[in-house]
Amino acid sequence: MIPKSALITGASRGIGAALARALPSSTHLTLTARDADALDEVAGSLGAPARRVETVAGDLTRSADRERLIEAAEAKEIDLLINNAAVGHFGPFLGVEASRHLEAVQVNLAAPIALTRTLLPGMLRRAKSEARKCGLINMGSTAGFAPVPRFAIYAASKAMLHSWSVALAEELRCEPIHVLTALPGSTRTTFGQSAGFGMRTIPGSRDPDAVARDIVGALGRRSLIVTSHTLRPAELPLRVANRLFTGLIGRATRALSG
Ligand SMILES: NC(=O)c1ccc[n+]([C@@H]2O[C@H](COP(=O)([O-])OP(=O)(O)OC[C@H]3O[C@@H](n4cnc5c(N)ncnc54)[C@H](OP(=O)(O)O)[C@@H]3O)[C@@H](O)[C@H]2O)c1
């Protein structure tokens, strides 16, 4: 699909900024993150003000900021929502402040759920009335495949995001929407430094622009994308298992409700 208007969370750097670069230049962009200067820099690098880019600085842990963002997204009649922002705090569960754990739950889970639940009805209504499709991209992580000691809340938040996103895609199967669950493997951003890893970049990490191009290219073609060089041998069984699992669950749900 070629989106007319997209909202990208976590667009001040990393994969979020790369997703903004990867979308077609005809797409109006609403970019959000906390750092207003960094957002303006990304907008400038994309050709704003000539290109239609709006920045909305705000903190996804604050409901007032989420409300402002929702208003901006509705005013721009978005037809693509990208829930990309996330944080992680590396360390043993008892060694990390409770407020940091709760911040990760807010940014990685509560915000995507709140934005999606509020914005999707309008997106679907507009898509139906204009006989076209809208889109939703949820950014999970390969870290969500298994429990990760010392990164437990981040991995658990991504496991839940993955489960919710795949289930939602099945629920919306007959609606005019493409739902894509994106699971990046290690990517060269400053995420690791923010999370408190010792290592600057993990060997085998991919370039964020390449990852973003793969994700944008998969929207409308696939429901799940794992973007990783290092995990490529594991990708096929995972995709087959995911397809079988979601297909079976979908059939069971329809049988029980029908
Ligand atoms: N990099 C990897 O290796 C990797 C691997 C797997 C999955 N992922 C996933 O890919 C996505 C992007 O990761 P990344 O590597 O690009 O991360 P990143 O470089 O650390 O960027 C995170 C983005 O989230 C924003 N953010 C953080 N806390 C926020 C808050 N409270 N309110 C609003 N925005 C907030 C940050 O902006 P501000 O600081 O300006 O608010 C920033 O724009 C995440 O969902 C991550 O879990 C990344």
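Residue numbers restart at each chain and count upward from 1, following the sequence in its written direction. pLDDT decides what is reported in this predicted model: residues at 70 or higher carry local features, side-chain atom pairs at 80 or more are listed and counted, and totals for whole chains, interfaces and linings draw on all residues regardless. Values shown for side chains rest on all heavy atoms present in the structure; no hydrogens or waters enter the calculation.

Trainee: Is there a simple way to think about helix α4 (residues 98–129) in this case?
Mentor: One full turn of an α-helix is made of 3.6 residues, so residues set three or four places apart face in the same direction. Runs of H or I in DSSP of at least four residues are treated as helices and runs of E of at least two as strands, each being numbered from the N terminus. Take the residue count of a helix, subtract one, and multiply by 1.5 Å to get its expected span. Here α4 contains 32 residues, and its C-alpha end-to-end distance of 45 Å stays within 8% of the 46 Å for a straight helix at 1.5 Å per residue. Fitting axes to the seven residues ending at a residue and to the seven starting there, one defines the bend at that residue as the angle between these axes. At Q106, α4 is bent by approximately 40°, the largest bend along its length. Positive backbone phi, approximately 50°, marks A131, located one or two places after α4.

Trainee: Can you help me understand the environment of V148 in this one?
Mentor: By the secondary structure assignment, V148 is in the loop between β5 (134–139) and α5 (152–171). Exposure is judged per residue with a 1.4 Å probe applied to protein chains only, and the accessible area is read against the type maximum: over 50% gives exposed, under 20% gives buried, and values in between give partly exposed. Looking at V148, the relative accessible area reads 28%, which means it is partly exposed. Excluding residues that lie within four positions of it along the chain, V148 makes contacts with A143 and A155. Contacts are assigned to residue pairs with any non-hydrogen atoms lying within 4.5 Å of each other.

Trainee: Whenever I open this one, the environment of A131 confuses me. Can you help?
Mentor: With respect to the helices and strands, the residue A131 is situated in the loop between α4 and β5. Given a relative accessible area of 75%, A131 falls into the exposed group. C-alpha separation for the pair A131 and P176, spaced 45 residues apart in sequence, amounts to 8.1 Å.

Trainee: Looking at this model, I keep getting lost on the site of the ligand. Mind explaining?
Mentor: For this description, a residue counts as near a given molecule or strand if any of its non-hydrogen atoms is within 4 Å of it. The immediate surroundings of the ligand are formed by 30 residues, with I15, R34, N84, Y154 and T189 found nearest. The backbone of G10 places a nitrogen or oxygen atom 3.1 Å from an oxygen atom of the ligand. Here R34 contributes a side-chain N or O atom positioned 2.7 Å from an oxygen atom of the ligand. Here the ligand loses 95% of its free accessible area of 880 Å² to cover by the protein chains. If you list the elements that add at least two residues to the shell around the ligand, you get α1 (14–22) and α5. Polar contacts here mean pairs of N or O atoms no more than 3.5 Å apart (in protein, one a potential hydrogen donor and the other a potential acceptor; neighbouring residues in sequence count only if both atoms are side-chain atoms). For accessible areas, the Shrake-Rupley method is used with a probe of radius 1.4 Å. Any residue's cover is judged against the shown protein chains and nothing else.

Trainee: Would you explain the packing of aromatic side chains in this entry?
Mentor: Each pair of aromatic rings is reported with the distance of its centres and the angle of its planes. Working definition: a ring pair exists when centres of Phe, Tyr or Trp rings (six-membered ring for Trp) sit within 6.5 Å. Plane angles under 30 degrees give stacked, over 60 give edge-to-face, the rest tilted. Considering all chains together, one arrives at six aromatic pairs under this definition. Both rings, one in Y154 and one in F191, keep their centres 5.2 Å apart while their planes meet at 45°; by these two values the pair is tilted. Remark: F191 occurs in helix α6 (residues 191–195) and Y154 occurs in helix α5; sequence separation between them is 37 residues. On the accessibility criterion, F191 (26% relative accessible area) is partly exposed. Of the aromatic side chains, those joined through ring pairs into one cluster are F90, F151, Y154, F191 and F197.

Trainee: How should I be thinking about the sheet that holds strand β2 (residues 28–33) in this particular structure?
Mentor: Strand pairing in a sheet relies on backbone hydrogen bonds. The paired strands run either parallel or antiparallel. Read across the open sheet, the seven strands follow the order β3-β2-β1-β4-β5-β6-β7; overall the sheet is parallel. Where the open sheet ends on each side, the last strands, each with one partner, are β3 (53–57) and β7 (224–227). Pairwise comparison of adjacent strand axes, ignoring direction, gives a mean angle of 15° for this sheet. Sheet topology places strand β6 (residues 177–184) next to β7; four bridges connect them, and they run parallel. Bridging from a neighbouring strand, P184 pairs with T227 of β7. Any two strands between which DSSP finds at least two bridges are classified as paired. Lines are fitted to the C-alpha atoms to define the axes, a helix being fitted only along its stretch in contact, and any angle between axes, read from their N-to-C directions, falls within 0 to 180 degrees.

Trainee: Teacher, can you tell me more about helix α2 (residues 36–45) here?
Mentor: Turning to α2, its buried residues number three or more, namely A38, L39, V42 and A43. Viewed end-on, α2 has its buried residues packed into an arc of 140°, placing them on one side of the element. Away from the buried face of α2 by more than 90 degrees, exposed residues D37, E41 and S45 are located. Contacts made by the buried residues of α2 are with α1, β2 and β3. The residue sitting at the N-terminus of α2 and contributing the capping side-chain oxygen is D35; that oxygen lies 3.1 Å from the backbone nitrogen of D37. By construction, the arc corresponds to the directions joining the helix axis to the C-beta atoms.

Trainee: Got a minute to help me understand empty space enclosed by the protein in this structure?
Mentor: A probe matching the size of a water molecule, rolled over the atoms, marks out where space remains unfilled. Buriedness of a pocket was judged along seven lines, with at least five required to meet protein on both sides within 12 Å; pockets are open sets of points on a 1 Å grid over the protein atoms alone, cavities are sets where a 1.4 Å probe fits but cannot get out, and lining residues have an atom within 4 Å of a point. Grid points are joined across faces, edges and corners, and a volume is the space filled by probe spheres set on the points. As enumerated under the stated definition, the model contains three cavities of 30 Å³ or more in all. By volume, the largest cavity is sized at about 60 Å³. Lining the largest cavity are G88, H89, G91, F93, H101, A104, R150, F151, A152, I153 and Y154. Counting residues per element, the ones that place at least two in the lining of the largest cavity are α4 and α5. If you tally residues by element for the lining of the largest cavity, the top one is α5, at three residues. Classifying every residue of the lining of the largest cavity gives six nonpolar, four polar and one charged. Roughly 50 Å³ of internal volume is contained in the second largest cavity. Taken together, T32, V56, A57, G58, D59, L60, D65, R66, R68 and L69 form the lining of the second largest cavity. Here the nonpolar group is Ala, Val, Leu, Ile, Met, Phe, Trp, Tyr, Cys and Pro; Asp, Glu, Lys and Arg are the charged ones; every other residue, Gly included, is treated as polar.

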